[in-house]
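# Overview (structure and organization)
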Amino acid sequence: MFRDTIKGLDKIIEEDIPKGSIILVTGAEGTLKSSLVFGMISRYLEKNNEFGLYVTLEQTKESHMKNMESMGLTTNCALHMFDYSDMRAEWKDNELDIIKVTEEIIDFYRCKQEKLTVFALDSLNALCSLSNEPNFRRSLYYFFSNLRDKGLTSFLIMETPLSGTSILAYDTGRPEHFLADGVIELGLIEAAEGVKRYIQIRKMRGVNHRMEKNQLVVGKQGLSVIGSIYRSN
């Protein structure tokens, strides 16, 4: 169960995330988006006879793992990391349809592992930047539909400015959150004792959840949700 993968997460998500859901994990730089997704998937796979695929378009596997280890997070053989450098050499002389390539990567690993059930993309921003599709919004719709058709529980990381405006709204001025089944927002709040990180479940279809902002902290054992960001000490 994903709600049991991060200490305290079960206090704000009362039921498990339905299999096959597409979850956006949004937030500004430094809000632990990658760490949250990586930690949730890695620990989920430790308890289940399933496999996962984590595609990073922004870092190498080595750099990503170094960052995760600094957060007290470790992986296992059930989670495969794939980075852009893996495909750059093969497609360096060709125009890159990054969405199609990403779908082909997923299909390749599904052929290798029939029990591939979880997918993560880090990040949608990079996918948008590398895409040569003139109508990215339409392509994104079909990309989401493809993930659903494959039955993958998918976590898509999206960096947003502090204002919370979606970078995917560039062509219409409207946010694209309606395409996702769930939205987990991570953010920063200035407090008297310093800056605090928070997690907020903005949306989770078919799941009872709490809506308030809860503090997200990093400890020796990884991430923890420790209660309302506004609680008195």
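Above: the structure in question.
Here is a short report on the structure shown in this document. All figures in this text were calculated on a predicted structure; none of them were measured in a lab. Within any chain, residue numbers begin from 1 and follow the written order of that chain's sequence. Owing to the predicted nature of the model, reporting of local features is limited to residues with pLDDT of at least 70; listing and counting of side-chain atom pairs is limited to 80 or more, with chain, interface and lining totals taken over all residues. As a rule here, side-chain values come from all non-hydrogen atoms in the structure, and water together with hydrogens is ignored.

## Focus: the overall build of the chain
Our working definition: For helices the rule is a DSSP run of H or I covering at least 4 residues; for strands it is a run of E covering at least 2, with both sets numbered from the N terminus onward. Relative accessibility decides the category of a residue: with a 1.4 Å probe and only protein chains considered, values under 20% of the type maximum give buried, values over 50% give exposed, and everything between is partly exposed. In what follows, residue pairs with any heavy atoms lying within 4.5 Å of each other are defined as contacts. The method behind every accessible area is Shrake-Rupley, applied with a 1.4 Å probe, and residues are considered shielded solely by the protein chains displayed.
When its secondary structure is counted, the chain shows six helices and nine strands. The buried share of the chain, taken over its 233 residues, is 50%. Counting contacts in the chain only where the partners sit at least 6 residues apart, residues at least 24 apart contribute 70% of the total. Element-wise, carbon and sulfur atoms account for 47% of the exposed surface of the chain, whose accessible area totals about 11400 Å².

## Section: the sheet that holds strand S2 (residues 51-56)
Convention followed: Pairs of strands are assigned from DSSP output, requiring at least two bridges between the strands. Between N-to-C directions, angles span 0 to 180 degrees; the directions come from axes that are lines fitted to C-alpha atoms, helices contributing only their stretch in contact.
Across the sheet, nine strands lie side by side as S3-S2-S4-S5-S1-S6-S7-S8-S9; this open sheet has mixed pairing. Taken across any chain shown, the strands that pair with only one partner, and hence form the sheet edges, are strand S3 (79-83) and strand S9 (222-228). Pairs of neighbouring strands in the sheet enclose a mean axial angle of 25°, with direction left out of account. Where strand S1 (residues 22-27) meets strand S5 (residues 153-159), six bridges bridge the pair, whose relative direction is parallel. When the sheet's bridge partners are listed, Ile22 is paired in S5 with Ser154. The sheet contacts of helix H2 (residues 61-70) involve S2, S3 and strand S4 (116-122), and relative to S3 the element is tilted by about 130°. Its contacts with the sheet place helix H4 (residues 98-112) against S2, S3 and S4, and it is angled at close to 150° to S4.

## Here we look at the pairing of S9
Counting buried positions over the seven residues of S9 gives five, a clear majority of the element. Summarising the sheet, strand S8 (residues 214-219) and S9 pair through five bridges and their orientation is antiparallel. Each residue of the ladder has a partner; that of Leu216, found in S9, is Val225.

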